Amino acid sequence: RNLIEMKKLIAFFFIAFLAIGLFACEEREYPVDGEFLAYEVSVSRNAPQVVFVTVTIEKGKVVAYNIDTRQGTRTIGGTELEPTYTFSFNAQTKKELGDAYGMKAASPIGKEWYEQAAAIEAFWLENGVDAVTVNEDGDIDNVTGASITDSYSSVAKKALENAKAGKFVAILADGTNLYSAELVLNAKGEIVSLMLDTLQKKRGTAADVFEWNAQTKQELGYAYHMHYATSGATNDTEYQAWLTANNKLEWFEQANLITDDIIANGWSTTAAENVPAGVTVSTEEYYEVLSLVFGFAGDSVK
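Residues numbered from 1 in each chain as written. Predicted model: local features only at pLDDT ≥ 70, side-chain atom pairs only at ≥ 80, totals over all residues. Heavy atoms only, no water.

Help me out: how do you make sense of the nonpolar core in this one?
Side chains of nonpolar character tend, in soluble globular proteins, to be buried together. Counting residues in each nonpolar core, the largest one holds 64 residues, and the members touching the most others are Trp124, Phe168 and Leu290. Aside from chain neighbours lying at most four places away, what touches Leu290 is Ala181, Leu194, Leu196, Ile258, Ile262 and Trp267. (Core = buried A, V, L, I, M, F, W, Y, C linked by side-chain atoms within 4.5 Å. Buried < 20%, exposed > 50% of the residue type's maximum accessible area, 1.4 Å probe, protein only. Contact = heavy atoms within 4.5 Å.)

If you want it as structure tokens, here you go:
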């Protein structure tokens with residue numbers, strides 16, 4: 001009898017051990033915790049605009065959403081006969097402006113923008129991002145306390161995809177530049193990749209028109225032509241040969257020196273004090289956006 005009971009006990013522990021092992025091996029939908037951001041750039045009223053949504057993951061679960069938009073302004077100077085135009089992102093986002101944004105008076109439901117954003121965030125948390133519906137004009141029609149155009153659900157879905165991929169994104173708007181950092185972690189919190197990038201205003205358009213470049217600096221690669229005028233090259237083959245011969249680095253190569261150094265040595269708030277050799281570009285904004293992205297990842301980075 002004792003032998004039978006012993007066999008039962010062994011079988012019980014084996015099944016329990018197997019169950020624990022299977023549970024441990026089960027992949028979480030959101031492998032790491034933190035704040036995951038996604039964004040979309042556009043042009044609003046002939047000025048730069050970026051819509052962004054952050055989803056917060058704690059213990060593998062979605063616990064919060066945050067919606068915001070940073071708009072820009074076109075400023076006219078000069079004279080009536082010879083006007084000049086400058087563009088710049090606003091210092092405050094819609095949410096930071098609060099009541100000063102001034103939507104309430106024109107709102108059909110008498111709600112300010114930040115109040116409507118809060119209603120959408122709460123609705124997503126309770127019902128999921130896919131539950132939002134819109135009318136024929138694209139305005140949200142099934143969220144109590146919100147009637148604004150839905151420019152946010154598609155971005156929220158991207159933020160959730162970033163969370164599933166362990167991809168942290170941070171942005172920094174300055175002037176007409178949108179700086180970004182992208183940090184990918186595996187389930188153990190180890191850095192898989194780290195990238196800096198910048199999206200800029202398109203050159204060569206009419207002076208009074210704002211338009212984004214089709215490609216970021218990373219996407220342009222050597223075609224960014226940081227040293228092109230100095231090189232005297234007439235084509236990209238000559239340009240790359242000149243870079244090599246003169247020990248010069250294109251923008252993306254310098255940006256990658258910064259991120260490679262962090263991957264090798266780890267992130268520190270004092271990293272900006274030890275810029276890698278070979279980096280000649282101004283780095284203040286890049287280390288600032290890196291600080292933001294590592295802040296989003298928090299203790300998930302090992």
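What's the story with the pattern of salt bridges in this structure? I'm lost.
Two side chains that carry opposite charge are able to pair once their charged atoms sit near each other. Scanning the entire structure with this criterion turns up seven salt bridges. A salt bridge links Lys164 to Glu29, with the nearest nitrogen and oxygen atoms 3.6 Å apart. Residue Lys164 is found in helix H4 (residues 153-165), and its partner Glu29 is found in the loop between helix H1 (2-25) and strand S1 (34-43); the two are separated by 135 residues along the sequence. Of the charged contacts, one joins Glu121 and Lys95 as a salt bridge, the two residues approaching to 2.6 Å between their closest N and O atoms. (Salt bridge = Lys/Arg side-chain N within 4 Å of Asp/Glu carboxyl O. Helix = DSSP H or I, 4+ residues; strand = E, 2+ residues; numbered from the N terminus.)

Where do I start with the side chain of Gln116 in this structure?
Structurally, Gln116 can be placed in helix H3 (residues 113-127). A polar side-chain atom of Gln116 sits 3.2 Å from the main-chain amide nitrogen of Ile148. Filtering out sequence-adjacent residues up to four positions away, Gln116 remains in contact with Met103, Ser107, Ile109, Lys111, Gly145, Ala146, Ser147 and Ile148. (Polar contact = N/O pair within 3.5 Å; in protein donor to acceptor, adjacent residues only side chain to side chain.)

What should I look at first to understand the sheet that holds strand S7 (residues 177-185) in this one?
Within a sheet, each strand pairs with its neighbour through backbone hydrogen bonds, oriented either parallel or antiparallel. The strand order across the open sheet built from three strands is S6-S7-S8, with neighbouring strands paired in antiparallel fashion. The strands lining the two open edges of the sheet, one partner per strand, are strand S6 (167-174) and strand S8 (191-199). Each strand of the sheet is rotated relative to its neighbour by a mean of 10 degrees, with strand direction disregarded. The pairing of S7 with S8 spans eight bridges and is classified as antiparallel. Bridging from a neighbouring strand, Ser180 pairs with Asp197 of S8. Across the sheet, helix H9 (residues 284-297) is in contact with S6, S7 and S8; its angle to S6 comes to roughly 145 degrees. (Pairing = 2+ DSSP bridges. Axes fitted to C-alpha atoms, helices over the stretch in contact; angles between N-to-C directions.)

Help me understand the sheet that holds strand S3 (residues 61-70), please; the structure alone is not making it clear to me.
Reading across the sheet, the three strands line up as S1-S2-S3 and stay open at both edges, with antiparallel pairing between neighbours. Lying at the two open borders of the sheet, with one neighbouring strand each, are S1 and S3. Across the sheet, the mean angle separating the axes of adjacent strands is 15 degrees when strand polarity is ignored. Pairing of strand S2 (residues 48-58) with S3, which is carried by nine bridges, proceeds in the antiparallel orientation. In the sheet register, Glu58 faces S3, and the bridge partner there is Lys61. Lying on the sheet, H3 is in contact with S2 and S3; it crosses S3 at an angle near 155 degrees. Together, S1, S2 and S3 form the strand contacts of H4, whose direction differs from that of S1 by roughly 140 degrees.

Would you take a moment to explain the side chain of Ser153 for this structure?
Secondary-structure assignment places Ser153 in helix H4. Apart from residues lying up to four places away in sequence, Ser153 is in contact with Trp124, Val129 and Val132.

Looking at this model, I keep getting lost on the packing of aromatic side chains. Mind explaining?
Where two aromatic rings form a pair, the distance of their centres and the angle of their planes describe that pair. In this structure the tally under the stated criterion is eleven aromatic pairs. Ring plane angle 65 degrees and centroid distance 6.1 Å describe the contact between Trp113 and Tyr152, whose orientation is recorded as edge-to-face. Linking Trp113 in helix H3 with Tyr152 in the loop between H3 and H4, this pair joins segments that are 39 residues apart in sequence. By the burial criterion, Trp113 is buried, and Tyr152 matches it. With a centroid separation of 5.0 Å and 85 degrees between ring planes, the pair formed by Tyr222 and Phe252 is classed as edge-to-face. Of this pair, Tyr222 sits in the loop between helix H5 (217-220) and helix H6 (228-231) while Phe252 sits in helix H8 (residues 251-265), and the two are 30 residues apart along the sequence. (Phe/Tyr/Trp six-rings, centres within 6.5 Å; stacked < 30°, edge-to-face > 60°.)

Any chance you could explain the packing of H8 against H9 here in plain terms?
In a pair of packed helices, the angle between the axes and the distance between the axes together describe the arrangement. One way to put it is that H8 packs onto H9 with a least axis distance of 12 Å and a crossing angle of 40 degrees. Judged by the angle between their axes, H8 and H9 are oblique. As H8 packs across H9, the resulting crossing turns out to be right-handed. Contact with H8, carried on its side by Trp251, Ile258 and Ile262, involves Tyr286, Tyr287, Leu290 and Phe294 of H9 and no other residues of that element. In the contact of H8 with H9, the residues fall into seven nonpolar, no polar and no charged. (Parallel < 35°, antiparallel > 145°, perpendicular 65-115°, else oblique. Left-handed = near helix turned anticlockwise from the far one by under 90°. Nonpolar A, V, L, I, M, F, W, Y, C, P; charged D, E, K, R; others polar.)

So far we have only geometry, and geometry alone does not tell us how the molecule works.
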